[in-house]
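Inside the fold
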Amino acid sequence: MSHYFPPGSTLGVLGSGQLGRMFAIEARRLGYGVHVFSPEENSPTAQVADREFVASYDDLEAIEEFARSVSVITFEFENVPAASTDVAQKFALVDPCVDILSLSQNRNREKTSLAKMGIPVPQFMPVQNRDDLFQAVEKLGRPSVLKTATMGYDGKGQTRIEVDTDLEQTWREYEGQESILEEFVEFELEISVVGARSRQGDFTACGPILNEHRNHILDLSVLPAGIPENISQQAIEITRTVMTECNVVGVLCIEYFLTKDGRLLVNELAPRPHNSGHLTIDACETCQFEQQVRAIAGLSLGRFHHYQPAAMINLLGDEWELGEPDWQELSRQFPDVKVHLYGKQEPRPGRKMGHLTCLAETGTEAASRVRKARELLTARYR
Ligand SMILES: Nc1ncnc2c1ncn2[C@@H]1O[C@H](COP(=O)(O)OP(=O)(O)O)[C@@H](O)[C@H]1O
Ligand SMILES: [Mg+2]
């Protein structure tokens, strides 16, 4: 438990997207070296890291070489095969632990484990074959949501089962992979809590953060969420319980549904910094990426304390569809809005390219301001 890696040590990150990039930026600010491992070349993380290992996640020799080159390994991408994390663990410390990774890799395992801890989740049934699907729909009713148990993100691998959905046809799309059917939750709103836990077992949390999705992809996040205090406390306590029970060192985010009748249900968890926590970079005394660095390095956590209410809005590839966004006009009309870009070359629709954050007197005001700022980026094309 006494693992402490002072500045000057090298931290490893598995996965090389924007989460790894923002982690690496904080790590370097604190004087750490960063090595990144992923199958992608010139990735958002590699652009700011000291060294890039390009290999498949199941290339065990490459994983060994990577692990030997760092003191501690963390993740920005949780779908790393167990065989690879097993090898990594022989040569470096791995945080968060492999148990929470395995749990978050499979929606059935995740929901079953949460339910065992006494944490409320939507009703669900594992779907392994055609009969399971028909029985599950019979039990959970329509609408309900069918999801692949593994590898889903940004709403990919999900189908809403409506009154008129042809189950035979839906089954053909899901056949051959483990899936899960969930009750359709009539939520009032969606929130998340970003938790951080140190090697010494200290816990701190940011949130709840209010989240709005567009086409199943996070669009807007607002802090504070503006929900009753008792529900906020409950969401934070659930996050603490999960992190403590699973002995997570690092950052973990839980996405919740708040139902119309005031119940809090866990939708999913991510054992890493989360898109909804990006506003912590500009709004908080310590951001989620610095917390991740501090936790895995064996330092004490900082405070998440936010200076002012804040809002974050995502910039997807769609914003580039008509041409380069008008950064110059944005900088002129919204000098206070913070622009974060992830260094991705190809702006495909739905691809997360960057985000904007702004602080204001209230969350509502901040939300309205980032919306306007994003609109301005493409205004000259409209
Ligand atoms: N059971 C459900 N009931 C209602 N809406 C859901 C349900 N599951 C997912 N959604 C909606 O789809 C979004 C994405 O689903 P989620 O399970 O979080 O997958 P992903 O891994 O793609 O983020 C959620 O944030 C929510 O808006
Ligand atoms: Mg989600």
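On a predicted model such as this, the values are computed, not experimentally measured, just so you know. (Residues numbered from 1 in each chain as written. Chains lettered and ligands numbered in written order. Predicted model: local features only at pLDDT ≥ 70, side-chain atom pairs only at ≥ 80, totals over all residues. Heavy atoms only, no water.)

Some thoughts on the overall build of the chain
Spelled out, the test is: Per the convention used, a helix needs a DSSP run of H or I reaching at least four residues, while a strand needs a run of E reaching at least two, with both numbered from the N terminus. Our radius of gyration is a C-alpha quantity, and the globule rule it is checked against amounts to 2.2 Å times the number of residues to the power 0.38. Categorising residues by exposure relies on relative accessible area from a 1.4 Å probe, with only protein chains included: less than 20% of the type maximum marks a residue as buried, more than 50% marks it as exposed, and the intermediate range marks it as partly exposed. Only heavy atoms matter for contacts: two residues are in contact if any of them lie within 4.5 Å across the pair.
On a plain count of helices and strands, the chain comes out with twelve helices and 17 strands. Computed over C-alpha atoms, the radius of gyration of the chain comes to 21 Å, within 12% of the 21 Å expected from 2.2 N^0.38 for 382 residues, which places it in the range of a compact globule. Summarising its shape, the C-alpha atoms of the chain cover approximately 55 × 55 × 40 Å along the three principal directions. When burial is assessed residue by residue, the chain has 56% of its 382 residues classed as buried. Restricting the contact set of the chain to residue pairs at least 6 apart, pairs at least 24 apart contribute 62%.

Quick look at the layout of surface pockets
Selection criterion: A cavity, in this analysis, means grid points on a 1 Å lattice covering only the protein atoms where a 1.4 Å probe fits yet has no way out; a pocket is instead an open set bounded by protein on both sides within 12 Å along at least five of seven lines, and a residue lines either one if it has an atom within 4 Å of a point. Grid points are joined across faces, edges and corners, and a volume is the space filled by probe spheres set on the points. Note on residue categories: nonpolar means Ala, Val, Leu, Ile, Met, Phe, Trp, Tyr, Cys or Pro, charged means Asp, Glu, Lys or Arg, and polar means any other residue, Gly included.
Here the second largest pocket is characterised by a volume of approximately 270 Å³. Elements represented by at least two residues in the lining of the second largest pocket include exactly β11 (203-214) and α8 (229-245). Among the elements that line the lining of the second largest pocket, the one with the most residues is β11, at five residues. Residues that form the lining of the second largest pocket fall into these classes: nine nonpolar, seven polar and two charged.

Comments concerning the site of ligand 1
For clarity, the threshold we go by: In this text, near means that some heavy atom of the residue lies within 4 Å of the molecule or strand in question. N or O atoms closer than or at 3.5 Å make up a polar contact, with two conditions inside protein: a donor-capable atom paired with an acceptor-capable one, and, for residues adjacent in sequence, both atoms drawn from side chains.
As a structural note, the neighbourhood of ligand 1 is formed by 20 residues, with Lys-147, Gly-155, Glu-190, Asn-267 and Glu-268 the closest of them. A distance of 2.5 Å separates an oxygen atom of ligand 1 from a polar backbone atom of Gly-155. Gln-158 places a polar side-chain atom, nitrogen or oxygen, 3.0 Å from an oxygen atom of ligand 1. Mapped by element, the contributors of at least two residues to the shell around ligand 1 are β7 (144-148), β9 (179-183), β10 (187-197), β13 (250-259) and β14 (264-270).

Regarding the side chain of Ser-221
With respect to the helices and strands, Ser-221 occurs in strand β12 (residues 217-223). Accessibility expressed as a relative area gives 0% for Ser-221, which makes it buried. A polar contact of 2.8 Å, which involves the side chain of Ser-221, links it to the side chain of Asn-211. Residues contacting Ser-221, with those up to four places away along its chain left out, are Ile-209, Leu-210, Asn-211, Ser-276, Leu-279, Ala-310, Ala-311 and Met-312.

Let's talk about the pattern of salt bridges
Pairs may arise between side chains of opposite charge once their charged atoms sit close together. Where we set the bar: Salt bridges, as used here, are contacts in which a Lys or Arg side-chain nitrogen is within 4 Å of a carboxyl oxygen on Asp or Glu.
Per the stated rule, a full pass over the model turns up 25 salt bridges. Arg-199 is the salt-bridge partner of Asp-95, the closest N and O atoms lying 2.7 Å from each other. Of the two residues, Asp-95 sits in the loop between β5 (93-94) and α4 (98-104) while Arg-199 sits in the loop between β10 and β11, which places them 104 residues apart along the sequence. An identical accessibility class is assigned to Asp-95 and Arg-199; each is buried. One salt bridge in this structure joins Glu-268 and Arg-107, with 3.1 Å as the shortest N-O distance. A residue pair is termed long-range when its members are at least 10 positions apart, and Glu-268 in strand β14 and Arg-107 in helix α5 (residues 107-116) qualify at 161 residues. Judged by its relative accessible area of 23%, Glu-268 falls in the partly exposed class. According to the relative accessible area criterion, Arg-107 is buried, its value standing at 7%. Salt bridges linked by common partners bring Glu-26, Arg-29, Glu-290 and Arg-294 together as one network.

Looking at the side chain of Glu-78
Note on placement: Glu-78 falls in the loop between β4 (72-75) and α3 (82-91). Looking at Glu-78, its side chain comes within polar contact range of the side chain of Arg-272, at 2.7 Å. If we ignore the near neighbours within four places in the chain, the residues touching Glu-78 are Leu-101, Ser-104, Gln-105, Ala-270, Pro-271 and Arg-272.

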